[in-house]
Amino acid sequence: MRILVTGGSGYIGSHTTLQLIAAGHEVVIADNFSRSKPSVLGRLEALAGTAIKYHVVDLTDRAATDRLFAQGAFDAVVHFAGLKAVGESVAQPLEYYSNNLGSTLSLLAAMRAHGVAKLVFSSSATVYGEDAPVPMQESFPTSATNPYGWTKVMQEQILRDVAAADPNIRIALLRYFNPVGSHASGTIGEDPHGVPNNLMPLLAQIAVGRRDALQLYGQDYPTPDGTARRDYLHVEDLAAGHVAALDRLGETAEPVSTWNLGTGTPTSVLEMVSAFAEASGREIPTVDAPRRPGDIADSYADPAKARTELGWVAARSIHDMCADTWRWQSQNPDGFPDE
Ligand code: WQD
């Protein structure tokens, strides 16, 4: 199929683009490079062994998005484009709502105008909110405690309502747990814009000498070692989940399908610190710090639905996640070049 991948030069979008091409699809990337660099594209083409068409477009611009579809002849869309930093969303709610909701509404209008009926949406376990029991199941209610999380809850609702009104549309809502790791080549990986918020890029930047120590946010959680636990999954497993979901949309009669993409196994912060130290051979100093507002003790998936309906299982280990991240970071200490 000919697939439009929005945000395709981003961390998860780039890894998914490679796997879509490897699965025989043709990929066109749409990105505004607000949180990524064009230099990713050359690396992607080298890894894919083929040229990859891309368009620089602000998806909140309805006319530009419509023009993209008018010439695109797309069979499906995988929608990653969006702002995703929790803290930033609290400081800049208007930017988050107008960008994340605006781009999805504009995309849906263009899909309808041009008869594109398949959409895979990048959602997040953040929609389970702060009080969900673990392991989290797709049937749980959704809520949020920050504007970023609310944009995911709202986008899921918009997509469910659009699907209810159009019998031809097929939508997959993929709820990511904690994506980490890099392509085994080490030539693409996570390259956060500005100061990283997430644990794994921080560990990588400490190991490569860009940062001194990890602030350990809370050591008094009700967990075996007192630090919070998350369901880290390798970005390559996550990308494979998108390929499987896209295939499934061609067969299912369900207008909207929701799948957790996680391993189902919780790992604590301290376990990740030692796994990264072991994989990189570098010391990772830590400094005890208070809990980060909004953090929960435990977040991990019940991955059974994706396993039975998609035949998808996250196979790669915590060691793989750390070793692959380290290969990327040690080969690219400053991330992607500016051009
Ligand atoms: C993981 C653990 C921190 C940094 C977030 C978003 C979620 C999704 C993934 C987009 C937590 C601890 C972290 C540090 C620390 N993003 N930590 N010191 O918070 O589970 O999820 O990223 O979809 O929506 O909420 O991931 O990597 O930020 O934190 O101790 O300097 O590492 O407290 O326990 P999180 P994270």
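Residues numbered from 1 in each chain as written. Predicted model: local features only at pLDDT ≥ 70, side-chain atom pairs only at ≥ 80, totals over all residues. Heavy atoms only, no water.

## What about the site of the ligand?
Line of reasoning, step 1. Near the ligand you find 19 residues, and of these Y148, L199, Q215, R230 and D295 are the closest.
Line of reasoning, step 2. Note that an oxygen atom of the ligand is positioned 2.5 Å from one of the side-chain N or O atoms of Y148.
Line of reasoning, step 3. Take Q215: an N or O atom from its main chain is 2.7 Å from a nitrogen atom of the ligand.
Line of reasoning, step 4. Relative to its unbound accessible area of 680 Å², the ligand is 89% covered by the protein chains.
Line of reasoning, step 5. Going through the elements one at a time, α7 (199–207) and β8 (214–217) are the ones with two or more residues in the shell around the ligand.
Line of reasoning, step 6. A per-element tally of the shell around the ligand places β8 first, with four residues.
Line of reasoning, step 7. Split into classes, the residues belonging to the shell around the ligand amount to ten nonpolar, six polar and three charged. (Near = heavy atom within 4 Å. Polar contact = N/O pair within 3.5 Å; in protein donor to acceptor, adjacent residues only side chain to side chain. Areas by Shrake-Rupley, 256 points an atom, 1.4 Å probe, with all protein chains shown as cover. Helix = DSSP H or I, 4+ residues; strand = E, 2+ residues; numbered from the N terminus. Nonpolar A, V, L, I, M, F, W, Y, C, P; charged D, E, K, R; others polar.)

## Structural notes on unusual backbone geometry
Line of reasoning, step 1. Here the amide bond leading from V134 into P135 is cis, since omega sits at 0°, within 30 degrees of zero.
Line of reasoning, step 2. Phi is positive for F33, which is not a glycine, with a value near 55°.
Line of reasoning, step 3. In this fold, F33 is placed in the loop between β2 (26–31) and α2 (39–48).
Line of reasoning, step 4. Its identity as a non-glycine residue notwithstanding, A73 has a phi of 50°, on the positive side.
Line of reasoning, step 5. Examined against the element boundaries, A73 turns out to sit in the loop between α3 (62–70) and β4 (76–79).
Line of reasoning, step 6. Under the relative-accessibility criterion, A73 is labelled exposed at 56%. (Buried < 20%, exposed > 50% of the residue type's maximum accessible area, 1.4 Å probe, protein only.)

## Side note on the sheet that holds β4
Line of reasoning, step 1. The strand order across the open sheet formed by seven strands is β3-β2-β1-β4-β5-β6-β11, and the pairing between neighbours is parallel. With partners counted over all chains shown, the strands left at the sheet margins are β3 (53–56) and β11 (256–261), one partner each. Going from strand to strand, the sheet's axes swing by 20° on average, the running direction of each strand aside.
Line of reasoning, step 2. Summarising the sheet, strand β5 (residues 118–124) and strand β6 (residues 170–176) pair through seven bridges and their orientation is parallel. Residue pairing across strands places S123 opposite R175, the latter belonging to β6.
Line of reasoning, step 3. Sitting on the sheet, helix α5 (residues 93–113) is in contact with β1 (2–6), β4 and β5, with an inclination near 175° to β4. (Pairing = 2+ DSSP bridges. Axes fitted to C-alpha atoms, helices over the stretch in contact; angles between N-to-C directions. Contact = heavy atoms within 4.5 Å.)

## Section: the domain arrangement of the protein chain
Line of reasoning, step 1. The domain boundaries assigned to the protein chain delineate domain 1 (2–181 + 232–264) and domain 2 (199–229 + 265–307 + 318–331).
Line of reasoning, step 2. Taking only C-alpha atoms into account, the centre of domain 1 sits 25 Å from that of domain 2.
Line of reasoning, step 3. Taken residue by residue, the interface counts 21 residues in domain 1 and 22 residues in domain 2.
Line of reasoning, step 4. Between domain 1 and domain 2 lies a buried interface of about 1,900 Å² when both sides are counted; carbon and sulfur atoms form 60% of it.
Line of reasoning, step 5. In this assembly, domain 1 and domain 2 are joined by zero salt bridges.
Line of reasoning, step 6. Counting across the interface, domain 1 meets domain 2 through eight residue pairs in polar contact (both at pLDDT 80 or more).
Line of reasoning, step 7. Here the element with the most residues in the side of domain 1 that touches domain 2 is β11; it accounts for four residues.
Line of reasoning, step 8. Residue composition of the side of domain 1 that touches domain 2, grouped by class: nine nonpolar, nine polar and three charged. (Domains from an automatic or database assignment. Buried area = accessible area lost by both parts, 1.4 Å probe. Salt bridge = Lys/Arg side-chain N within 4 Å of Asp/Glu carboxyl O.)

## Some points on the packing of α5 against helix α6 (residues 147–165)
Line of reasoning, step 1. The geometry of α5 relative to α6 is characterised by a closest axis approach of 10 Å and an angle of 20° between their N-to-C directions. One element, α5, and the other, α6, form an angle in the roughly parallel class. Crossing handedness for the pair α5 and α6: right-handed. When α5 is examined against α6, the residues P93, Y96, Y97, N100, L101, T104, L105 and L108 are found in contact with a partner set consisting of P147, Y148, W150, T151, M154, Q155, I158, L159 and V162.
Line of reasoning, step 2. Tallied by class, residues from the contact of α5 with α6 come to 13 nonpolar, four polar and no charged. (Parallel < 35°, antiparallel > 145°, perpendicular 65-115°, else oblique. Left-handed = near helix turned anticlockwise from the far one by under 90°.)

## Regarding α3
Line of reasoning, step 1. Taken as a whole, α3 has its buried residues at A64, T65, L68 and F69. Projected down its long axis, α3 carries its buried residues within an arc of 140°, all on one side. Among the exposed residues of α3, those oriented more than 90 degrees off its buried face are R67 and A70.
Line of reasoning, step 2. Considering only its buried residues, α3 is in contact with β1, β2, β3, β4 and α5. (Arc of directions from axis to C-beta.)

## What to know about the packing of aromatic side chains
Line of reasoning, step 1. Applying the stated criterion to the full structure yields six aromatic pairs.
Line of reasoning, step 2. Judged by centre distance (4.7 Å) and plane angle (45°), the rings of W328 and F336 are tilted.
Line of reasoning, step 3. W328 gets classed as buried once you look at its relative accessible area, which sits at 1%.
Line of reasoning, step 4. Owing to a relative accessible area of 6%, F336 belongs among the buried residues under this scheme.
Line of reasoning, step 5. In this structure an aromatic cluster arises from ring pairing among Y128, F140 and F177.
Line of reasoning, step 6. Over the face of the ring belonging to Y221 we find R291, whose NZ or CZ atom lies 4.0 Å from the ring centre. (Phe/Tyr/Trp six-rings, centres within 6.5 Å; stacked < 30°, edge-to-face > 60°. Lys NZ or Arg CZ within 6 Å of the ring centre and 35° of its normal.)

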